[in-house]
Amino acid sequence: MVARSTIPAGDFRTSYAADTMIFPTTTSRNFAILGVVLLCFAPQLFSEYWLSVSIQIGIFAIAALGLNILVGFTGQISIGQAGFFLLGAFTSAYINNTYAIPVFFAIPLAGVITALVGLIFGLPAARLKGLYLVIATLAAQYILLDFFSRAEWFSGGSVPASANPFSVFGYTLRGDRQYFYVVLAYVLISYILVTNLMRTRDGRALIALRDHYLSAEIMGINLTKYRTLSFGLAAFFAGIAGALYAHYQLVISQEGFGIERSILFLAMIIIGGTGSIMGTLMGTAFVVLLPESMEWLSHNLKGSALDKALALNNNITFLREIAIGLIIIGFLMFEPDGLAHRWRQIKTYWKLYPFSH
Amino acid sequence: MNTAFLIQLLVNGLVVGTLYGVVAMSFVLIYKATQVVNFAQGELLLIGAWVCWALLTKYQVPFWVGMPLTLVFMFAFGIAVQVVILRPMIGEPIISVIMVTIGLSTVFQAALKWMFGVNPQPFPPVFASTAVDIFGLQIQTVYVMSLVVSVLMMLGMAWFFKASKYGLAMRATAFNQQVAQSLGISVKNVFAMAWAISATVSAVAGVVVAVVNGVSSGLSAYGIKVFPAAILGGLDSVGGAVLGGIIIGLLENVAQYVDSQYLHWGNLYEIAPFYVLIIILMIKPYGLFGTKDIERI
């Protein structure tokens, strides 16, 4: 929770420009650009499997980013992110199928609609002091899922809804290799947007509310407005991510988007570091790769003594949930600033190697 | 109008509602004493139910031995959870603590499925007769037992807070931690005690539900229903929680009646409490008996 305020001793900024800088050094900026350029070649280099994993990481990272604005920067919790994710998915598919709005426009539109619906749930709670939002979003999660299972005109009810593939100006993108670029573009745009948001007046207002809402209010920051804004943003990014997911999978069912998925989104930002934008990406990668690696591990352990003792293969789903829960608790207890903090420490260590203090 | 069906549902609602009230009471207890919104309340209930079930079926212990053993276990378990997991979190931001309880609920839920399987298990019968005759209504014995146990627990809780020394210490801590500490109350013990009592009371509710419906991981839904109940009654009012629970229980069943007789939407009773929750947050956010949050600067 204190990621941004822990500036190491001796690191002081003398100008406003230096304080709002995104990259501390030219090298770090060049490395970031290099990373993005390398990612552009990923579809040629990655295998099918790794490509689909990285698309998933990208999509979930957008939803987790929205949640991080709410949790990490504003100090509120939402456990309805999966509900809004699904709402974005269904909305995008619905407006694309029914009103013939191209997918290119349907995705941002779905984000906006999700944000508006989110506000219906968030507004009553955002007015209140304390943590009422977490309870309101819990209700939202259940109400939304109930709505999806009822509304056959919208989400197909018990039958999964279908979505069209992504198309731009009559050219339809087919397959993971082309869709990767869409996700990459959305990830880049949303991460740059949020990084810049945090450098503005509004972003600082959110952080002030998180750190001490009373002082913030006294200094003229409108509590209701900014809490509502940040909740709307969280729902917006969830909707965008959901819409991307819909046009990636082409079939949307509400299977697997219950409250556990919302907790998974929370896990992503806790592991990555609440209040850290790059951390969100790391946390998402961690949470997506964890089940994959557990799968791999249990596959390799098949037939061994440990496998027989724990009946690994039959219970892998439960073990995965236990692992996620334990990791959430562990990170909160021992590394509350998440992987982002650990990454900073590693960097500092190597910067001064071999003469670290 | 189908009067017999309505009355049946109302009785049902009263029984389920008092159980909600009991669970909500233990939820509010933790919230009041330690300021933690406990998302693992339903799992505490579930653990109690499974432990009692395991004692009764796997180890063939009679009910009157198994039940106290379960309660002792849950008392220790509550203290253990508080000491091991939540005590190190004291002083951390409140949202971290809430996320810890969310993590706990995931772990408990999955661990119980792992140990006991996903299939619902019937509870061994506790009573010889299945139904008693009250004012011409045939009511199942387990319902009567459930009602009696719930009311007894509420009375016990009321006595505990009003008359006992520990209860007084707990109320003092809830009122103001620093003052309580300076008057010689061990806040650490009070926190541990709050979790222990909460876990024990939830476990009793869990066993009662299990006797009525059998044990399955679906029981932890009671932990979710606690939120509408507690919000309705006021998040920090023990009496309000009980009343909120009863209202939510009745409302669920009325919703089911309206649904089955007129609307035919299906599944309305499960979702109605959440609509109520949103409406309460809009019109009366601090509930019926909750203290309004007024700050002096």
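Quick notes on the rules
- Residues numbered from 1 in each chain as written.
- Chains lettered and ligands numbered in written order.
- Predicted model: local features only at pLDDT ≥ 70, side-chain atom pairs only at ≥ 80, totals over all residues.
- Helix = DSSP H or I, 4+ residues; strand = E, 2+ residues; numbered from the N terminus.
- Rg over C-alpha atoms; globule rule 2.2 N^0.38 Å.
- Buried ≥ 20, exposed ≤ 12 C-beta atoms within 10 Å, placed from the backbone.
- Contact = placed C-beta atoms within 7 Å.
- Nonpolar A, V, L, I, M, F, W, Y, C, P; charged D, E, K, R; others polar.
- pLDDT = per-residue confidence, 0-100.

**Considering the overall build of chain B**
Then, in step 1: The helix and strand tally for chain B stands at 11 helices and 2 strands.
Then, in step 2: Sequence-ordered secondary structure for chain B, helices as α and strands as β, is α-α-α-α-β-β-α-α-α-α-α-α-α.
Then, in step 3: For chain B, whose C-alpha radius of gyration is 19 Å, the value lies close to the compact-globule estimate of 19 Å for 297 residues.
Then, in step 4: Referenced to the eigenvectors of the C-alpha coordinate spread, the extents of chain B come out at roughly 60 × 50 × 35 Å.
Then, in step 5: By residue count, 49% of the 297 residues in chain B fall in the buried class.

**Considering the environment of V287 of chain A**
Residue and element names in this part refer to chain A.
Then, in step 1: Secondary-structure assignment places V287 in helix 14 (residues 277-300).
Then, in step 2: Assessed through the 25 C-beta atoms surrounding it within 10 Å, V287 is described here as buried.
Then, in step 3: Taking the C-alpha atoms as reference points, V287 and G272, 15 residues apart in sequence, are found 9.3 Å from one another.
Then, in step 4: What V287 contacts, discounting residues up to four positions off in sequence, is L264, A267, M268 and I271.

**Section: the interface of chain B and chain A**
Then, in step 1: Every contact between the two is made by 36 residues of chain B and, on the other side, 38 residues of chain A.
Then, in step 2: Elements supplying a minimum of two residues to the side of chain B that touches chain A: helix 4 (94-116), helix 9 (221-233) and helix 11 (268-283) of chain B.
Then, in step 3: Tallying contributions element by element places helix 4 of chain B first for the side of chain B that touches chain A, with 15 residues.
Then, in step 4: In terms of residue class, the side of chain B that touches chain A is made up of 28 nonpolar, 4 polar and 4 charged.

**Digging into the confidence of the model for chain B**
Then, in step 1: Averaged over every residue, the pLDDT of chain B is 85; residues scoring 70 or more account for 94%.
Then, in step 2: This complex was scored by the predictor with a pTM of 0.88 and an ipTM of 0.85.

**A closer look at the environment of I59 of chain A**
Residues and elements named next belong to chain A.
Then, in step 1: Positionally, I59 belongs in helix 4 (residues 48-73).
Then, in step 2: I59 gets classed as buried once you count the C-beta atoms within 10 Å, which come to 25.
Then, in step 3: For I59 and Y245, which are 186 residues apart along the polypeptide, the C-alpha to C-alpha distance reads 6.6 Å.
Then, in step 4: Sequence-distant contacts of I59, that is, excluding residues within four places in its chain, are made with V183, A241, L244, Y245 and Y248.

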